[in-house]
Amino acid sequence: MTMRAIVAERSGGPEVLREARLPDPEPGPGELLVETAAAGVNFIETYQRSGLYEVPFPFTPGSEGAGRVIAVGEGVTGFAVGELVASAQARACYAERFVVEADRAARVPEGVDPAVAAAIPLQGLTAHYLATSAAAPQPGETVLLHAGAGGVGLLLTQLLVARGVRVISTASTPEKRELSRAAGAAEVLGYEGFADRVRELTGGEGVAVAYDGVGRTTFDGSLAALRVRGELVLFGAASGPVPPFDLQRLNAGGSLSVTRPSLGHFLRTPEERAWRFGEIFAAVASGELDIRIGARFPLADAAEAHRALEARATTGKVLLEP
Ligand code: NDP
């Protein structure tokens, strides 16, 4: 049996993503085979496709997906055929079927639409660890958050606001600024001169935490927007990687700190994964967390999905549907 899947034969622009037929994957010991309801499109897949992050080619992208279990590998306990599962740590999800280690999958609560389930794991778990663990801003504190209308941005804003944190966000267009405001941001800025505006909006003090997934073009401003002993959480490079910088700048800025976290390091144990998934699914079920699906593309149009993401033309979650 074969299935439709996206394959890149080499690194390059979005055009290297082509639909092809691949042999059906088989679940190994401890693994689940899942019929893809939807696969999440994430910035990391653009880094892998372009060669910024090294991956072996030919390459089928996709670590995020949801769907029904259609087969279980040897030794799997706790999952059965027919159950709806989701994961942020699966393999080759840009395909009609994908494989995931059972202990990296979560059962999706009843009532959650399978496509919505695919939109939750990667950006939802990221927003969760950014709000609770990579930094932990306190109620009443102010943070800066870039790309407030993006996938991570909309979710992180909602989680922070629910914890009583005041969010100042950035976004590039009036439509995106409106979305960020609706997610709870108290102030939404354009990128031009944002560091000075943040100082004005914090009475000259600066923010406790700057969440920066944009990278190259915002890093200097994010540092400049921090208060004394503020923390810069650099979690991505949507505009490109940040060049090396002089650590002495952290001292001059007021005993600042910078961290460069990754989701995998915040899903270290089954307990940690279950805690984060549990809180995110519960927040979705209670309506506290609104999942915005900004665009759905047919699987065959994966290249279009990458183009849109890289052109800053998307909001919220981007999904591929087989
Ligand atoms: P988004 O939906 O946020 O899309 C990226 C957004 O970044 C764009 O929509 C755009 O918003 C903004 N942006 C600013 N400058 C540029 C540029 N030059 N090119 C492209 N986009 C730009 O993506 P995700 O929510 O999927 O991811 C957000 C960030 O989080 C990414 O950097 C990603 O790598 C990172 N990430 C990190 C994780 C981790 O654990 N470290 C896990 C998951 C994601 P606007 O138009 O408003 O500027």
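Residues numbered from 1 in each chain as written. Predicted model: local features only at pLDDT ≥ 70, side-chain atom pairs only at ≥ 80, totals over all residues.

1. Points about the overall build of the chain
Moving on, step 1. Each helix and strand in the chain was counted, giving ten helices and 15 strands.
Moving on, step 2. With the C-alpha coordinates of the chain rotated into their principal frame, the extents come out at 65 × 40 × 35 Å.
Moving on, step 3. Counting over 322 residues, the chain shows a buried share of 48%.
Moving on, step 4. Sequence separation of 24 or more characterises 65% of the internal contacts of the chain that already satisfy a separation of 6 or more. (Helix = DSSP H or I, 4+ residues; strand = E, 2+ residues; numbered from the N terminus. Buried ≥ 20, exposed ≤ 12 C-beta atoms within 10 Å, placed from the backbone. Contact = placed C-beta atoms within 7 Å.)

2. Thoughts on the sheet that holds strand β12 (residues 226–234)
Moving on, step 1. Ordered in space as β10-β9-β8-β11-β12-β13, the six strands form an open sheet in which the pairing is parallel. On the outer flanks of this sheet lie β10 (187–189) and β13 (257–259), each paired with one strand and no other. Taken pair by pair, the neighbouring strands of this sheet meet at an average axis angle of 15 degrees, ignoring direction.
Moving on, step 2. Where strand β8 (residues 142–145) meets strand β9 (residues 166–170), four bridges bridge the pair, whose relative direction is parallel. By the bridge assignment for β9, Val143 is matched with Val167.
Moving on, step 3. Together, β8, β9 and β11 (207–212) form the strand contacts of helix α4 (residues 151–162), whose direction differs from that of β9 by roughly 165 degrees. (Pairing = 2+ DSSP bridges. Axes fitted to C-alpha atoms, helices over the stretch in contact; angles between N-to-C directions.)

3. Regarding the domain arrangement of the chain
Moving on, step 1. Splitting the chain by domain gives domain 1 (2–120 + 291–321) and domain 2 (124–263).
Moving on, step 2. Averaged C-alpha coordinates put domain 1 and domain 2 at centres separated by 28 Å.
Moving on, step 3. The partner domain 2 presents eleven residues to the eight residues of domain 1 that form the contact.
Moving on, step 4. Among the residues forming the side of domain 1 that touches domain 2, the class breakdown is three nonpolar, two polar and three charged. (Domains from an automatic or database assignment. Nonpolar A, V, L, I, M, F, W, Y, C, P; charged D, E, K, R; others polar.)

4. With respect to helix α10 (residues 302–310)
Moving on, step 1. Buried residues of α10: Ala302, Ala305, His306 and Leu309, and no others. An end-on view of α10 places all buried positions within 100 degrees of arc, on one side of the element.
Moving on, step 2. As for α10, its buried residues are in contact with β1 (2–8), β2 (17–23), β3 (31–41), α1 (43–50), β14 (293–298) and β15 (317–321). (Arc of directions from axis to C-beta.)

5. Some details on the site of the ligand
Moving on, step 1. Surrounding the ligand, one finds 30 residues, the nearest of these being Gly150, Gly151, Ser172, Gly213 and Gly236.
Moving on, step 2. Listing elements by their share of the shell around the ligand, those giving two or more residues are α1, α3 (121–134), α4 and α10.
Moving on, step 3. Residues of the shell around the ligand, tallied by class, amount to 14 nonpolar, 13 polar and three charged.
Moving on, step 4. A domain split of the shell around the ligand shows at least three residues from each of domain 1 (2–120 + 291–321) and domain 2 (124–263). (Near = placed C-beta within 6 Å.)

6. A few points about the packing of α3 against helix α9 (residues 270–286)
Moving on, step 1. Their axes nearest at 10 Å, the elements α3 and α9 cross at an angle of 105 degrees. The angle between α3 and α9 places the two elements in the roughly perpendicular class. Of the residues in α9, those in contact with Gly124, Leu125, His128 and Tyr129 of α3 are Arg276, Phe277, Glu279 and Ile280.
Moving on, step 2. Tallied by class, residues from the contact of α3 with α9 come to four nonpolar, two polar and two charged. (Parallel < 35°, antiparallel > 145°, perpendicular 65-115°, else oblique.)

7. Observations regarding the pairing of strand β6 (residues 97–101)
Moving on, step 1. The buried fraction of β6 amounts to four of the five residues, a majority that puts the element mostly inside the structure.
Moving on, step 2. Where β3 and β6 come together, five bridges link them in antiparallel fashion. If you follow Leu32 over to β6, its bridge partner there is Val100.

8. Some details on α1
Moving on, step 1. Taken together, the buried positions of α1 are occupied by Phe43, Glu45, Thr46, Gln48 and Arg49.
Moving on, step 2. Of the surrounding secondary structure, the elements contacted by the buried residues of α1 are β1, β2, β3 and α10.
Moving on, step 3. Gly51 occupies a position one or two residues after α1 and carries a positive phi of about 100 degrees.

9. Considerations on the pairing of β12
Moving on, step 1. Of all nine residues that make up β12, seven are buried, and the element is covered over most of its length.
Moving on, step 2. Two strands pair when backbone bridges link them, and β11 and β12 are joined in this way by five bridges, in the parallel orientation. What sits directly across from Val209, in β12, is Glu231.
Moving on, step 3. A crossover links β11 with its parallel partner β12, the connecting element being helix α7 (residues 219–224), and its sense is right-handed.
Moving on, step 4. Note: β12 against β13, three bridges, orientation parallel. Its bridge partner lying in β13, Glu231 is registered against Ser257. (Right-handed = clockwise from strand over helix to strand, strands pointing away.)

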